[in-house]
Every structure is written in C-alpha cells, then in structure tokens.
There are 2 protein chains.
Amino acid sequence: MSKRNAILASATRLFSRNGFQGTAMAELSAITGAATGTIFHHFKNKEDLFLNVLNDVKQSILDQFDRHQQTRRDQKGLEMVEGVVTFYLHLAGTMEDQFLLLHRHFPFKMAETSPVCRSHLESIYTCLLDIFEEGIQKGLQDGSVAVDSPRKTAMVLFAMVDGIVRLNTYRVYDAGALYDSLMVACRRLLTKGR
Amino acid sequence: MSKRNAILASATRLFSRNGFQGTAMAELSAITGAATGTIFHHFKNKEDLFLNVLNDVKQSILDQFDRHQQTRRDQKGLEMVEGVVTFYLHLAGTMEDQFLLLHRHFPFKMAETSPVCRSHLESIYTCLLDIFEEGIQKGLQDGSVAVDSPRKTAMVLFAMVDGIVRLNTYRVYDAGALYDSLMVACRRLLTKGR
DNA sequence: TAACCAACCGAATGATCGGTCGGTTTTTTT
DNA sequence: AAAAAAACCGACCGATCATTCGGTTGGTTA
C-alpha cells in the first residue's frame, strides 16, 4: 500500500475515534511510519487531510449501497425497505469507523465553513434518504406500504435506524438485542392496520 | 450571579458548541471575566469542570421531566407517551446547549474512563427511557397501546425521537416540518392495526 | 549520463494549551 | 477590629501542536 493510502486509512481510524482536534499529526506519523513532512507533502493541511478522508468515506458508502440496490430490483417495496434497513445495520458493523465519523459533531461544524465538506455530507445523506424513499415509493405502488409523505417518512425511518446504531455505538445500554424490535417498528411505521 | 456559576454557564455553552478539546480555558476566562487562576480555584482541572457541567445538565433535565410527569397523571398511556415526545422536542429547543452536549461524542468517550461521567450519562438515559416505558406500560393496561416488549419499544421510540432532534440540529436537511410525521410514526409504532 | 521530479525525511519553529503559584482583595468568623 | 478563610488575580511554565523547510532518495525521461 502506498504511503498516501496508509495515511488515509489510519487517519480515518484516528479521526473517527479521537475526533479532529484529538488527532495529532505526530501520532498519525508514528502509526503509519511516514514522516510528518510526508503527510504534508500529500495533503496541504490537516483539514485537507480530513476532507480526503471524508471523500473516501462518501465513495465507499455510496458504492456499497449502489451495489446493494442492484440486487434488489424484483422485490416488493416493503421488502426493499426492510432489506435496506438490514443492510444499513450490517454496514454500521463492517464499516464501523466510517459510520462513527458521521456520528461525530465536527464534520457538521466544518460543513458550516467548508463547502467541500458540506457537499460530501449532503451527498451521503441524500443518497441514504433517496434509497429509503425509493423503497417507500415502490411500496406505495404495489400496495405493500401505506404512508402519507414518502420523503418525510423516509427521514423519520432513517432517524430511527440511525438512532439505534448510535445507541449501540455509545453502549449506554445494550442495544444489540434491539434489531428485532427495530424491524417490527419499521413494518408498523410503513403499513396501515392489520 | 457568582463567578462560579458564570463559569459553569459559559462552559456549558462552549463545551456543547466547540467540544472538550475545542474549549480553551483562556477563552472561558475571557468570556466570563474570571482569571484562569479563578477557574482552577473552583474546579480542580478541565475534566472536573466538565463533570460539574454534566451534573448540572443532568439535574436540569431530570427536574424538567419530573415536573412534566406530575401534570400528566390522569391521561391514557398513549396520550402520555405522545405528551412526552412533544415535551422532548420542546426541551430540545429551549435547552439547546444541554441536548447538543449529549449528542456529542466526547462525554461517552470520557465515560469509558470516568465512573462519575458514566454515572451521570446513565442517570439521564435511564430517566428518559423509564418515562417512555412508563407511558407504554400504562397504555398496555388501558388498551391504548399494543406492543410486545415495553422496554425495547421505549428504546426504539427514543432512538427515533432523538434521531429527529439530531437531524434538526445538524441541519443537513430542514427537519423542522418533520414533527407531524414523527407523531404519526409514534402512534403507528405503539398501536395495533385499524 | 544528465536533468528532473515526486516521494520522502525529521529537526526546527512559533503558537497555543492546561495548569501552577505567589500574591491581593473580599467575605466571614470570632 | 482582628484573624481566618475563601475568592480572585495574571504572569509564568513546560508540554504539545500544526506546519515549515532544507535536504535525500529512487525512478523516469531526454
């Protein structure tokens, strides 16, 4: 692996676990074996380094969901949404650092001053919400879903799923056994009566 | 207001908006007009200062919900839960800094090494979940709520409501008009069919 | 081979940080 | 009023931080 990629990989872990200000370039240097001068040769400063990390996070998350979506063309809407929720929970486990990064505060603060940062975050959340909404729209047509506003429902649904992932990350409670309840809630939220 | 309280008030704002490492004692000194020596006279170090801030946050949140609960003795379970959700959204607006603090990452990281910090966080989340669960339990008895596991449902419900507050805080999207959809989702989640 | 260039190095720098300390002022107690 | 205690002050300190810079290396091109 090139030094540049090694730096990006370690930076992702450090930024997500220790935050922006909690990540020291000297520590990153020690972990990757790259001199501090090398880091600043590849990235013009710390913020630029994080922006590149965030870009990688965006790419990998978008890739994962694109690939997932292509395998779910022939399902009913409700099943699609349930599949997306399950996949989201799965990804939150396999791409722990990337999801942790999105649960931190500093990227959203940086987005207030950095248009590039804001653009990355918007791409990620737009993609996620679009996928939820797509399933809901399809479900409205095939009758498996009954809701008023697809977009708003997608946002509430996303807030719920992501909220569970957050509860699980912080381990204030054992939210591990919560996935079944989450799926039940998901189905209730999308269907009418019965 | 005493210097000590002025320090606590400003520290709450700075910690919640700029994070732990992003809050400089010199800045806190400048804002409050207290010399840095004075700050360290009242609090033995930066972490101790934050622990006192968190304690205040805990007290005020617990007080608010205790007072709210006393006015809702004679309602049906479902109405109680809906009232709590509305009150939670209301508080997230009036106590913005306190809720923002709980949405940051560093208190949970500190909880891994500081039992005091962990205790405060547990008190807050236990209180909130208990209140949700209480309403659900009551609803199960009076028939206004139909769910399998009250505790798990309370956690999913809390994750959903808190997730919406988070979406609103970070303003990636205008989640302001989402409260109606949230209440609909809340009702669907708690009731069976019709 | 000579010239070039991107990747790489690590000591040095100036700014900033949390925390200390010796002292003064204000309040409380006796 | 005298003494004791608590609140308060700000210059100072050592550590740490992001970033710079002059120089080396190794591969590619002319």
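Think of each chain on its own: its residues are numbered from 1, step by step along the sequence as written. Ligands are numbered from 1 and chains lettered from A, in the order in which they are written. Whole-chain, interface and lining totals are the exception, using all residues; otherwise, since this is a predicted model, local features are given only for residues with pLDDT of at least 70 and side-chain atom pairs are given and counted only at 80 or more. For side-chain calculations, the full set of non-hydrogen atoms in the structure is used, while hydrogens and water are omitted.

Asker: How do you make sense of the protein's contact with DNA strand C when you look at a structure like this?
Answerer: Looking at DNA strand C, there are 17 residues lining it, with A:G37, A:T38, A:H42, B:M25 and B:K46 nearest. Polar contact is defined as a pair of N or O atoms within 3.5 Å, subject to the rule that within protein one atom must be able to donate a hydrogen and the other to accept it, and that residues adjacent in sequence are counted only when both atoms are side-chain atoms. Here A:A35 contributes a backbone N or O atom positioned 3.0 Å from a phosphate oxygen of DNA strand C. The side chain of A:T38 places a nitrogen or oxygen atom 2.9 Å from a phosphate oxygen of DNA strand C. Where the surface near DNA strand C is concerned, the elements lending two or more residues are α3 (36–42) of chain A together with α3 (36–42) of chain B. Comment: elements are numbered from the N terminus, with helices defined as DSSP H or I runs of at least four residues and strands as E runs of at least two. Broken down by element, the surface near DNA strand C gets its largest block of residues, 5 residues, from α3(A). Taken together, the residues of the surface near DNA strand C break down into 5 nonpolar, 10 polar and 2 charged. Each residue is tested against the molecule or strand, and it is near if at least one of its non-hydrogen atoms lies within 4 Å. Each residue gets one label: Ala, Val, Leu, Ile, Met, Phe, Trp, Tyr, Cys and Pro are nonpolar, Asp, Glu, Lys and Arg are charged, and the others, such as Gly, are polar.

Asker: Quick question: what am I supposed to make of the interface of chain A and chain B here?
Answerer: For an interface, size is often stated in terms of accessible area lost upon the parts coming together. Residues are treated as being in contact if the distance between any of their heavy atoms lies within 4.5 Å. Opposite the 47 residues of chain A that make contact, chain B presents 47 residues. Salt-bridge detection follows one rule: a side-chain nitrogen of Lys or Arg within 4 Å of a carboxyl oxygen of Asp or Glu. Viewed at the interface, chain B and chain A are joined by 0 salt bridges. Taken together, the links from chain A to chain B amount to 16 residue pairs in polar contact (both at pLDDT 80 or more). Contributing elements (two or more residues each) for the side of chain A that touches chain B: α1 (3–18), α6 (96–102), α7 (106–111), α8 (115–142), α9 (150–170) and α10 (179–190) of chain A. Per-element tally for the side of chain A that touches chain B: the top contributor is α9(A), with 12 residues.

Asker: I would appreciate a short explanation of helix α9 (residues 150–170) of chain B in the present structure.
Answerer: Along an α-helix, a turn takes 3.6 residues, which lines up residues three or four apart on a common side. All names here are of chain B. Helix length check: α9, at 21 residues, gives a terminal C-alpha distance of 30 Å against a target of 30 Å (1.5 Å per residue), a fit within 8%. Buried residues dominate α9, accounting for 18 of its 21 residues. Just downstream of α9 lies R171, where phi reads positive at about 55°. Helices are assigned an expected span. That span is 1.5 Å times one less than the residue count. Relative accessible area decides the class of each residue, using a 1.4 Å probe on protein chains only: under 20% of the type maximum gives buried, over 50% gives exposed, and in between gives partly exposed.

Asker: What should I look at first to understand the protein's contact with DNA strand D in this one?
Answerer: Within the structure, DNA strand D sits among 17 residues, and A:M25, A:K46, B:G37, B:T38 and B:H42 are positioned closest to it. Backbone atoms, meaning sugar plus phosphate, form 60% of the atoms of DNA strand D positioned within 4 Å of the protein. A distance of 3.3 Å separates a phosphate oxygen of DNA strand D from a polar side-chain atom of B:K3. Residue assignment for the surface near DNA strand D shows that the elements contributing at least two residues are α3 of chain A together with α3 of chain B. Here the surface near DNA strand D gets 5 residues from one element, more than from any other, and that element is α3(B). Among the residues making up the surface near DNA strand D, the classes are represented as 5 nonpolar, 10 polar and 2 charged.

Asker: For this particular structure, what's the right way to read the domain arrangement of chain A?
Answerer: All names here are of chain A. Domain boundaries assigned for chain A yield domain 1 (1–43) and domain 2 (45–190). Each domain span listed reflects an automatic or database assignment of domains. Look at where the C-alpha atoms of domain 1 and domain 2 centre, and you get two points 27 Å apart. Across the boundary between the two partners, domain 1 contributes 18 residues, which contact 15 residues of domain 2. For any pair of parts, buried area is found by adding up, for both, the accessible area (1.4 Å probe) each one loses once the two are put together. Taking both partners together, domain 1 and domain 2 bury about 1500 Å²; carbon and sulfur atoms supply 71% of that area. Looking only at domain 1, the three residues that lose the most surface to domain 2 are S16, F20 and F43, adding up to 41% of its buried area. Linking domain 1 with domain 2 are 1 salt bridge. Applying the counting rule to domain 1 against domain 2 returns 7 residue pairs in polar contact (both at pLDDT 80 or more).

Asker: Looking at this structure, I do not really get the relation of the copies chain A and chain B. What am I missing?
Answerer: One copy of the chain maps onto the other through a rotation about an axis plus a displacement along that axis. Once chain A has been moved 0.0 Å along the axis and rotated by 180°, it coincides with chain B to within an RMSD of 0.0 Å. Within this description, the copies of the chain are treated as partners about a two-fold rotation axis. A least-squares fit on C-alpha atoms brings the copies together, and the residues used are those whose pLDDT is at least 70 in both copies.

Asker: Would you take a moment to explain the packing of helix α5 (residues 77–94) of chain A against α8(A) for this structure?
Answerer: To characterise two packed helices, one gives the angle between the axes of the helices and the distance between these axes. Residue and element names in this part refer to chain A. Helix axes are fitted to C-alpha atoms over the stretch in contact, other axes to C-alpha atoms as well, and angles between N-to-C directions run from 0 to 180 degrees. Where α5 meets α8, the axes come as close as 7 Å, and the angle between the chain directions of the two elements is 155°. Taken as axis vectors, α5 and α8 run roughly antiparallel relative to one another. Contact residues: α5 offers G77, L78, M80, V81, V84, V85 and Y88, while α8 offers L128, I131, F132, E134, G135, I136, K138, G139 and D142. In terms of residue class, the contact of α5 with α8 is made up of 10 nonpolar, 3 polar and 3 charged. Convention used here: angles under 35 degrees read as roughly parallel, angles over 145 as roughly antiparallel, angles from 65 to 115 as roughly perpendicular, and any remaining angle as oblique.

Asker: I would appreciate a short explanation of helix α4 (residues 46–70) of chain B in the present structure.
Answerer: All names here are of chain B. With 25 residues, α4 extends 37 Å between its outermost C-alpha atoms, agreeing within 8% with the 36 Å of an ideal straight helix rising 1.5 Å per residue. Those residues of α4 that fall on the buried side of the exposure criterion are L49, F50, L51, V53, L54, V57, K58, I61, F65, H68 and Q69. Looking at the buried residues of α4, the elements they touch are α1 (3–18), α2 (25–32), α5 (77–94), α6 (96–102), α7 (106–111) and α8 (115–142). The opening residue of α4, the one whose side-chain oxygen lies 3.3 Å from the backbone nitrogen of E47, is N45.

Asker: Where do I start with the side chain of A:E82 in this structure?
Answerer: With respect to the element layout, A:E82 can be found in helix α5. The residues contacting A:E82, other than those within four sequence positions of it, are A:M183 and A:R187.

Asker: Could you clarify how one ought to interpret the packing of aromatic side chains in this entry?
Answerer: For any pair of aromatic rings, the description consists of the separation of the ring centres together with the inter-plane angle of the planes. Side-chain rings of Phe, Tyr and Trp, where Trp is taken by its six-membered ring, are said to pair if the distance between their centres is within 6.5 Å; with planes under 30 degrees apart they count as stacked, over 60 as edge-to-face, and otherwise as tilted. Applying the stated rule across the entire model yields 28 aromatic pairs over all chains. Ring centres 5.1 Å apart and planes at 80° place the aromatic pair A:Y88 and A:F99 in the edge-to-face group. One end of the pair, A:Y88, is in helix α5; the other, A:F99, is in helix α6, and 11 residues separate them in sequence. With respect to class, A:Y88 is no different from A:F99; both count as buried. Aromatic rings pair up to connect A:F65, A:F87, A:Y88, A:F99, A:F108, A:Y125, A:F132, A:F158 and B:Y170 into one cluster. Charge-over-ring contacts are defined here by two conditions on Lys NZ or Arg CZ: a distance within 6 Å of the ring centre and an angle within 35 degrees of the ring normal. Over the ring of A:F20 we find A:K46, and its NZ or CZ is 4.8 Å from the ring centre.

Asker: Mind showing me how you'd approach the side chain of B:S144 here?
Answerer: Residues and elements named next belong to chain B. Along the chain, S144 falls in the loop between α8 and α9. Overall, the relative accessible area of 13% leaves S144 in the buried class. With residues up to four places along the chain from it excluded, the contact list for S144 reads K76, G77, L78, G139 and T191.

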